[in-house]
Amino acid sequence: MEVKAVEFVRKAHEALHNPRLQEALRRTEAKFVQGRREALRHLEDPDAVRRHATAIRDTVLRQLDAWLIHFERQAQARGATVHWAEDGREVARILTDIARRHGVRKAVKSKSMVSEEVGLNAALEAAGVQVVETDLGEYILQLAEEPPSHIVAPVLHKTRDEIADLFARHHGRPRKTDTAALTREAREFLRPHFLSADMGISGANFLVAETGSVLIVTNEGNGRLATTLPRVHVAITGIEKVVPTLEDAATLLRLLPRSATGQDITNYVSLLTGTKQAGDADGPEHFHIILLDNGRSRLLGSELEPILRCIRCGACMNHCPVYQSVGGHAYGWVYPGPMGSILTPLLAGLERATPLPNASTLCGRCAEVCPVNIPLADLLRELRHVQQVRGLRPRLETLSLRLWRALVLRPRLYHAVMGMAAWLLTRLAGARGRLCRLPGAAGWFAHRDLPAPAGETFLAAWARRRGKP
Amino acid sequence: MRVGLFVTCIANLMRPAVGFAALRLLQAAGCEVVVPPGQTCCGQPAYNSGDFETGRKIACKWAQDFAGCDYVVVPSGSCAGMIRVHYPRLFAESDMQGEAVRQLAARTWELTAFLVEVAGLSQPPGWYQGKITYHDSCSGLRELMVKTAPRTLLARMPGLVLEEMDGCETCCGFGGTFAVKFGEISSHLADNKCAAIHATGAQAVVAGDLGCLLHIEGRLRRLGDTTTQVLHVAEVLAGRQGEVAWK
């Protein structure tokens with residue numbers, strides 16, 4: 001997926017003026033925010049579970065290499081092949097190799113964020129493999145040729161009417177608007193693909209080191225079809241997804257659906273362990289697991305390491321006032337919202353995502369709801385620090401900060417300037433009591449007035465009252 | 001009890017009444033209040049922009065300004081949060097300077113929390129007749145857990161009715177420099193806030209942070225609302241006599 005994060009302001013502008021998107025965002029916010037609150041109430045001590053989950057993730061990250069090797073051994077012992085990919089290009093190479101070796105002409109996919117991250121569909125199609133997305137949301141987006149706008153609800157930005165039009169155009173059947181009928185139609189079109197595909201591709205919510213299993217959480221049955229029917233299965237995921245034991249995975253599963261969609265449990269939790277054995281009714285004959293680094297290992301031991309705890313639930317974006325206003329496409333890459341504003345610069349490059357670390361009011365609501373206590377606002381600030389150090393901020397901003405710093409550290413000068421500013425602003429405001437414009441302050445006055453100050457600063461008035469100069 | 005009053009730069013420049021109101025409230029609670037004349041800004045603009053070095057310099061200056069105070073009280077959740085939560089983080093090594101900052105930061109309070117939890121102010125001196133609604137500013141709420149203190153104090157004012165708005169804990173969109181860098185998103189969030197305020201039918205919106213208040217007031221006025229009062233909680237609790245006191 002192409003990185004378009006530098007266009008954040010323009011895309012946000014478009015999103016704010018898209019009434020259908022605004023309506024969709026309002027609906028989703030109501031649903032996810034209330035849903036999460038309700039579902040967490042069903043846990044006896046949700047904060048204790050969150051602390052436990054955080055500890056599990058941190059345990060893994062402290063010795064990620066060892067846990068990954070443990071996972072690899074267990075997976076191999078059960079007949080899976082584990083591949084290690086440095087970046088997206090390696091994933092594409094490994095995957096096209098597997099496809100070529102097994103004579104694959106068609107692949108059915110169940111959702112994988114990593115495959116979006118590395119632009120896998122394009123690579124596969126270039127290698128002559130037809131790719132069919134089978135999650136309902138991803139299928140709709142494939143027809144519409146659009147990227148996802150949310151990591152859990154990728155098609156959140158589309159209305160049912162738009163989907164009805166899309167299906168009528170692509171399926172050549174009478175247009176339906178009923179959700180159940182639309183879903184049935186998609187199912188009818190997807191079923192033959194499952195049966196004729198040579199390869200199934202999935203992501204992984206967790207990798208269980210204890211058993212070498214790939215754990216997948218879905219609400220649609222397609223995940224099971226895509227991972228069991230084709231003779232070759234490939235799971236592609238980031239290296240940070242490993243957890244030590246099944247018990248640990250169970251703890252995280254108590255939080256993942258609750259934080260994501262407000263469900264106590266999801267419809268399907270699939271544990272994919274090894275290849276089809278003699279006597280097994282189904283399962284792939286060949287099971288490949290591709291572990292992608294793509295910059296993740298660089299974060300280990302750094303100030304930014306906590307972002308690797310992320311279990312991709314989307315709670316931070318559901319609760320972020322900025323995401324709620326502009327939706328996912330404005331962020332310009334596969335990961336939107338607060339976690340995306342951290343992951344995109346880190347994985348795709350800070351230069352390609354300069355606005356994102358700043359596109360937050362640092363209100364802290366994201367960290368408040370994060371099931372694994374990632375201090376998202378602090379990490380955003382840390383990235384702003386990296387931008388400062390690397391000189392990636394606009395000159396004017398740097399200059400004004402320097403000027404302001406010079407004042408703050410020189411109290412006499414500072415108070416003289418503040419005194420003048422108070423006097424001047426009051427004069428400019430006049431009898432109206434507020435200012436409506438000011439040269440050089442368009443950023444504020446394009447959208448707001450400014451209440452007039454009182455004409456004298458507090459410290460000057462205080463000094464005067466106490467009879468001092 | 002020697003209490004240093006840190007007025008915050010926005011209050012100092014834009015609304016001195018907030019400083020006087022805070023002063024009056026602290027005095028009403030029986031504190032000896034000192035106002036260090038050389039105080040400037042807590043350094044948030046630099047810190048939140050990622051300039052940690054400037055943040056450190058300003059933190060040291062601040063600790064010198066307020067040395068000798070038993071407590072430092074700030075009529076702003078975000079400035080108090082900056083000092084109490086973020087200053088200590090700026091000094092990883094335990095050098096002398098960092099230690100001085102850390103110790104004073106731990107004794108720094110947001111105004112309403114201080115009045116309730118430390119000074120035990122039983123009756124605010126102010127007087128207010130009518131319906132207000134309260135906006136929980138993000139930093140005070142999430143960094144310092146200031147939620148009940150302002151409501152406790154407001155509830156002790158006889159003529160005042162508090163009508164909670166929808167999403168009182170949702171960001172108003174100010175966010176410091178965010179308001180200028182992402183003006184369109186910022187004002188979109190302010191519009192949601194204005195609608196929530198209007199839906200309560202309150203005659204005033206009250207908060208503990210002047211940054212949010214200037215942003216909300218600026219947007220209300222730009223949208224043509226010239227009547228809804230926009231007040232700092234200290235002004236309400238002190239009865240706005242603070243404003244008159246210094247004129």
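What you are looking at is a predicted structure, and each value in this text was computed from that prediction instead of being measured.

1. Quick notes on the overall build of chain B
Logical step 1: The helix and strand inventory of chain B stands at 14 helices and 8 strands.
Logical step 2: A compact globule built from 247 residues would reach a C-alpha radius of gyration of about 18 Å, and chain B, at 17 Å, matches this within 12%.
Logical step 3: Expressed as lengths along the three principal axes of its C-alpha atoms, the size of chain B is roughly 55 × 40 × 30 Å.
Logical step 4: When each of the 247 residues of chain B is scored for burial, the buried share is 64%.
Logical step 5: A total of about 8,300 Å² of accessible surface is found on chain B, and carbon and sulfur atoms cover 53% of it.
Logical step 6: Chain B carries 22 positive and 23 negative side-chain charges, and their two centres are separated by 2 Å.

2. Let's talk about the interface of chain A and chain B
Logical step 1: Listed per partner, the contact involves 63 residues of chain A and 63 residues of chain B.
Logical step 2: Here chain A meets chain B over a buried area of about 5,500 Å², counting both sides, of which 64% is carbon and sulfur.
Logical step 3: Its largest share of buried area at the contact with chain B, chain A owes to A:Arg381, A:His447 and A:Phe458, together 14% of the area lost on that side.
Logical step 4: Applying the counting criterion to the chain A and chain B interface returns 4 salt bridges.

3. Description of the confidence of the model for chain B
Logical step 1: Considering every residue of chain B, the mean pLDDT works out to 95; 96% of them sit at 70 or more.
Logical step 2: If you check the scores for this complex, the pTM reads 0.96 and the ipTM reads 0.96.

4. Considerations on unusual backbone geometry
Residue and element names in this part refer to chain B.
Logical step 1: Although it is not a glycine, Thr8 adopts a positive phi angle of roughly 75 degrees.
Logical step 2: Structurally, the position occupied by Thr8 is in the loop between strand S1 (2–5) and helix H1 (9–14).
Logical step 3: Even without a glycine there, the phi angle at Met145 is positive, about 60 degrees.
Logical step 4: Following the sequence through the fold, Met145 ends up in the loop between helix H8 (138–144) and helix H9 (148–155).

5. Things to note about the sheet that holds strand S7 (residues 204–207) of chain B
Residues and elements named next belong to chain B.
Logical step 1: The strand order across the open sheet built from 4 strands is S6-S5-S7-S8, with neighbouring strands paired in parallel fashion. At either margin of the open sheet sits one strand with a lone partner, and together these are strand S6 (160–162) and strand S8 (229–232). With direction set aside, neighbouring strand axes in the sheet form an average angle of 35 degrees.
Logical step 2: Pairing between strand S5 (residues 130–135) and S7: 4 bridges, direction parallel. Note on S7: the bridge partner recorded for Ile132 is Ala204.
Logical step 3: Strand contacts of H9: S5 and S6, with the helix running at about 170 degrees to S5, the strand carrying the most contacts.

Procedures and definitions
Numbering of residues begins from 1 in every chain and follows the order in which that chain's sequence is written. Working convention: letters from A go to chains and numbers from 1 go to ligands, in the order in which they are written. For a predicted model such as this one, the threshold for reporting local features is a pLDDT of at least 70, and the threshold for listing and counting side-chain atom pairs is 80 or more; totals across whole chains, interfaces and linings nevertheless cover every residue. Side-chain measures were taken over the full set of non-hydrogen atoms in the model, leaving aside hydrogen atoms and water. Strands are runs of DSSP state E lasting at least two residues, helices are runs of H or I lasting at least four, and both sets are numbered from the N terminus onward. For this measure, only C-alpha atoms enter the radius of gyration; the expected value for a globule follows 2.2 Å times N^0.38, where N is the number of residues. Burial status follows relative accessibility: with a 1.4 Å probe on protein chains alone, a residue under 20% of its type maximum counts as buried, one over 50% as exposed, and anything between as partly exposed. Here the open area of atoms and residues is found with the Shrake-Rupley method and a 1.4 Å probe, where only the protein chains shown may cover a residue. Counting rule applied: Lys, Arg positive; Asp, Glu negative; His and chain ends not counted. Where a charge lies is defined by one atom per residue type, namely NZ (Lys), CZ (Arg), CG (Asp) and CD (Glu). Note on contacts: a residue pair qualifies if any of its non-hydrogen atoms lie within 4.5 Å across the two residues. Buried area is understood as the total, over both parts, of accessible area removed when two parts are fitted together, assessed with a 1.4 Å probe. We define a salt bridge as a contact between a side-chain nitrogen of Lys or Arg and a carboxyl oxygen of Asp or Glu at a distance within 4 Å. By definition, pLDDT measures how confident the predictor is in each residue, and it falls between 0 and 100. Criterion used throughout: strands pair if DSSP finds at least two bridges between them. Each axis is a line fitted through C-alpha atoms, taken for helices only over the stretch in contact, and angles between the N-to-C directions span 0 to 180 degrees.

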